Amino acid sequence: MTAQVLASLAVEREMIPVFLEPSVPPSQDHVVVVVPALNEDANIGRVVRDLRSAGYECLVVDDGSSDGTAAVARREGATVLSHLISLGQGAALQTGIDRALASGAQTIVTFDGDGQHRVADIERLLDALHRGAADFALGSRFLGASVNQPSSRRLLLVVAIWFTRLSTGLHLTDTHNGLRAMTRRGASAIRLRQNRMAHASEILHQIRRSRLPWVEVPVTIEYTEYSLAKGQRSVGLVAILADLLMDALDR
Amino acid sequence: MIGQIAFTAPLLVVAVYGLLETRHSRVVGSLMALAAIATLALVWAPAAADGVAAAIRLGSRDDLILYALVGIAFLIILNLHLKDRRQTQLLTTLIREIALSGGGPGDGSRRPEPMIVRRRARGRARSSIPAAHWARTTEVGSHAAVGHGEPLSRRG
């Protein structure tokens, strides 16, 4: 394991593209839903149960939770990976994507652990991937619906959308939606360096750079008191901009 | 003259350091080197420094040099922050590999204890590694040896 860790550190440092070989034979309809979670023991059980009952393989990445998130998710039948310390949602997503690719997944879905996404929307994303011959299907609450969305959150998202449009050139209607699906080829083109919330913008930059086809799909986001309390605040936008700026300088 | 010499050595160090740092961050490293060299020029050419200070309405050359030093300090801090980010990236890779190898805080219900704590007692080293950690380490190691529990394989 030591040699592997050192090799991966070298890869990370030099930013060499990483090629992952499946450890099990791939099947054409192997879908893995990656759920990053931090201190979500109140909700993760329901999320995993819903995903499992819809027939999806569920991979929960516990990002250093101090509660029983991992235990609850495991009890409900999810595969659980645990970070020793909390690194951020972007880091958890990349861990999940790495594991899903290694397990031979042909399609990878990212799904928030706070219960604001609907499991039924996954089918629409997968459908769009196959019908649209795209490598990325990106959920859009502005094409679909938002339930109980506060106006302040809407304003924040509009600013983020315009910033992302200007910086990436991608004309998306929703840039910070955690519900996405990607093919194996698409997932292999993604290498997140942003550990925290700036990963949402970074994914779009990398999609743009990969030149792989993408499609937007209407989805529904349900805001609850719980998800709003855990979600981003307005100052988070400043932190995201700072992270992106630092990433640009660090080259 | 003494002041000029006193400024020269640290500014030269910053200039060389900036040039070396261009390996990691072209923008910040170059700016550091340029700012240090420009400040050196201001220190050694007082007449020119007076002209520049007057042109940009900064009062005297002393003020100009002070502002330049503040700017260099800012760039050094920015560079340290970027170094910290690089360390965080390495830590991320390490934590990720541990997670992918099946290591982690178990049921996630509590923070992990430090993996290895050594202390000296009565003149000789004594290990206080918790037995559970030994067991886990052994388990992961033996899995790796027979080719299981290694979800990743990489090629360059």
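Counting from 1, residues in each chain are numbered in the order their sequence is written. To read the labels, note that chains go from A and ligands from 1, taken in the order they are written. Restriction of local features to residues with pLDDT of at least 70 applies here, the model being predicted, together with a cutoff of 80 or more for giving and counting side-chain atom pairs; totals for whole chains, interfaces and linings are based on all residues. Hydrogens and water molecules were not included; the side-chain quantities draw on all heavy atoms of the structure.

1. Concerning the overall build of chain B
So, point 1. The secondary structure listing takes helices from DSSP runs of H or I that are at least 4 residues long and strands from runs of E that are at least 2 residues long, numbered from the N terminus. The helix and strand inventory of chain B stands at five helices and three strands.
So, point 2. Counting from the amino terminus, helix and strand elements in chain B follow one another as α-α-α-α-β-β-α-β.
So, point 3. Evaluated residue by residue, chain B yields a buried proportion of 31% over its 156 residues.
So, point 4. In chain B, once contacts between residues fewer than 6 apart in sequence are set aside, the share between residues at least 24 apart is 49%.
So, point 5. Just so you have it, chain B exposes about 9600 Å², and 67% of that area is on carbon and sulfur atoms. Only protein chains enter the accessibility calculation, which uses a 1.4 Å probe; a residue whose area is less than 20% of its type maximum is buried, one above 50% is exposed, and one in between is partly exposed. We call two residues in contact when some of their heavy atoms are within 4.5 Å. Surface accessibility in these figures is a Shrake-Rupley result with a 1.4 Å probe; residues are shielded only by whichever protein chains are displayed.

2. Brief notes about the packing of helix H6 (residues 151–168) of chain A against helix H8 (residues 199–210) of chain A
Residues and elements named next belong to chain A.
So, point 1. Running from amino to carboxyl end, H6 crosses H8 at an angle of 30°, the nearest separation of the two axes being 10 Å. Put simply, H6 runs roughly parallel to H8. As H6 runs across H8, the sense of the crossing is right-handed. In this structure, H6 uses Thr164, Ser167 and Thr168 to contact H8, whose residues at the interface are Ser201, Leu204, His205 and Arg208.
So, point 2. Asp, Glu, Lys and Arg are counted as charged, while Ala, Val, Leu, Ile, Met, Phe, Trp, Tyr, Cys and Pro are counted as nonpolar; the rest, among them Gly, fall into the polar class. Considered class by class, the residues forming the contact of H6 with H8 number one nonpolar, five polar and one charged. Axis definition: a line fitted to C-alpha atoms, limited for helices to the stretch in contact. Angles are taken between N-to-C directions and run from 0 to 180 degrees. For classification purposes, angles smaller than 35 degrees are called roughly parallel, those larger than 145 roughly antiparallel, those between 65 and 115 roughly perpendicular, and all remaining angles oblique. In this scheme, a crossing is called left-handed if the near helix is turned counterclockwise away from the far one by less than a right angle; it is called right-handed if the turn is clockwise.

3. A short note on the pairing of strand S6 (residues 136–147) of chain A
Residues and elements named next belong to chain A.
So, point 1. Where S6 meets strand S7 (residues 180–183), three bridges bridge the pair, whose relative direction is antiparallel. Residue pairing for S7: Phe136 is matched across the bridge by Met182.
So, point 2. Whether two strands pair depends on DSSP finding at least two bridges between them. Summarising the sheet, S6 and strand S8 (residues 214–222) pair through eight bridges and their orientation is parallel. Within S8, the residue paired with Gly139 across the bridge is Val217.

4. Topic: empty space enclosed by the protein
Residues and elements named next belong to chain A.
So, point 1. Of the grid points, spaced at 1 Å and generated over the protein atoms alone, those admitting a 1.4 Å probe that cannot get out make up cavities, while open sets with protein on both sides within 12 Å along at least five of seven lines make up pockets; any residue with an atom within 4 Å of a point is treated as lining. Grid points are joined across faces, edges and corners, and a volume is the space filled by probe spheres set on the points. Inspection of the entire model under this criterion finds four cavities of 30 Å³ or more.
So, point 2. Of the pockets and cavities examined, the largest cavity occupies roughly 60 Å³.
So, point 3. In terms of lining residues, the largest cavity is bounded by Leu138, Gly139, Leu172, Asp174, Thr175, Asn177, Arg180, Ala200, Ile203 and Leu204.
So, point 4. The element contributing the most residues to the lining of the largest cavity is H8, with three residues.
So, point 5. Among the residues making up the lining of the largest cavity, the classes are represented as five nonpolar, three polar and two charged.

5. Re the pairing of S7(A)
Residues and elements named next belong to chain A.
So, point 1. In S7, alternate side chains face the same way, and those of Arg180 and Met182 on one face and Ala181 and Thr183 on the other are all buried.
So, point 2. With four bridges connecting them, strand S5 (residues 107–110) and S7 associate as antiparallel partners. Directly across from Thr107, in S7, lies its bridge partner Thr183.

6. What to know about the confidence of the model for chain B
Residues and elements named next belong to chain B.
So, point 1. Residue-level confidence of the predictor is summarised by pLDDT, bounded by 0 at the bottom and 100 at the top. With 66% of its residues at a pLDDT of 70 or more, chain B shows a mean pLDDT of 75.
So, point 2. Contacts of residues 108–156 to residues separated by more than four positions or lying in other chains number 67 contacts, the stretch itself having pLDDT below 50.
So, point 3. In the model output, the complex is listed with pTM 0.73 alongside ipTM 0.77.

7. With respect to helix H1 (residues 2–21) of chain B
All names here are of chain B.
So, point 1. In this scheme, a helix's expected span is set at 1.5 Å multiplied by one less than its residue total. Taking 1.5 Å as the rise per residue, H1 with 20 residues should run 28 Å; its terminal C-alpha atoms sit 29 Å apart, in good agreement.
So, point 2. Buried within H1 we find Gln4, Thr8, Leu11, Val14, Ala15, Gly18 and Glu21.
So, point 3. Buried residues along H1 sit in contact with helix H2 (26–44), helix H3 (46–55) and helix H4 (61–100).

8. Re the packing of helix H4 (residues 89–102) of chain A against H4(B)
So, point 1. Contact geometry for H4(A) and H4(B): axes closest at 10 Å, N-to-C directions at 45°. One element, H4(A), and the other, H4(B), form an angle in the oblique class. Crossing of H4(A) against H4(B): the hand is right-handed. Residues Ala91(A), Gln94(A), Thr95(A), Asp98(A) and Arg99(A) of H4(A) pack against Thr92(B), Arg96(B), Ala99(B) and Leu100(B) of H4(B).
So, point 2. Looking at the contact of H4(A) with H4(B), its residues break down into three nonpolar, three polar and three charged.

9. Details of a nonpolar patch on the surface
So, point 1. In this scheme, patches are assembled from residues that exceed 30% relative accessible area and form no salt bridge. Like charges are connected within 9 Å, while nonpolar side chains (Val, Leu, Ile, Met, Phe, Trp, Tyr) are connected within 5 Å. One speaks of a salt bridge when a side-chain nitrogen belonging to Lys or Arg is within 4 Å of a carboxyl oxygen belonging to Asp or Glu. Among the surface-exposed residues, Ile85(A), Leu91(B) and Leu94(B) lie close enough to one another that they form a single nonpolar patch of about 200 Å² accessible area.
So, point 2. For Leu91(B), the position within the fold is in helix H4.

10. Some remarks on the side chain of Arg141(A)
Residues and elements named next belong to chain A.
So, point 1. Here Arg141 lies in strand S6.
So, point 2. Overall, Arg141 belongs to the buried group, its relative accessible area being 7%.
So, point 3. As used in this structure description, the phrase polar contact means that two N or O atoms lie within 3.5 Å; if the pair is within protein, one of them must be able to donate a hydrogen and the other to accept it, and residues adjacent in sequence are counted only when both atoms belong to side chains. A distance of 2.7 Å separates a polar atom in the side chain of Arg141 from a polar atom in the side chain of Asp174.
So, point 4. Polar side-chain contacts of Arg141 include one of 2.8 Å to the backbone oxygen of His176.

11. Some remarks on the side chain of Asn43(A)
Residue and element names in this part refer to chain A.
So, point 1. Summarising the element assignment, Asn43 is placed in the loop between strand S2 (31–37) and helix H2 (44–53).
So, point 2. By relative accessible area, Asn43 is classed as buried at 12%.
So, point 3. Not counting residues within four places of it along the chain, the set of residues in contact with Asn43 comprises Gly113, Asp114 and Tyr226.

12. Structural notes on the confidence of the model for chain A
All names here are of chain A.
So, point 1. When pLDDT is averaged along chain A, the result is 84, and 86% of the positions lie at 70 or above.
So, point 2. The least confident element of chain A, judged by mean pLDDT, is strand S1 (residues 19–20) at 40; the most confident is S5 at 97.
So, point 3. When the criterion is pLDDT under 50, residues 9–27 qualifies, and its contacts beyond four places in sequence or with other chains add up to 39 contacts.

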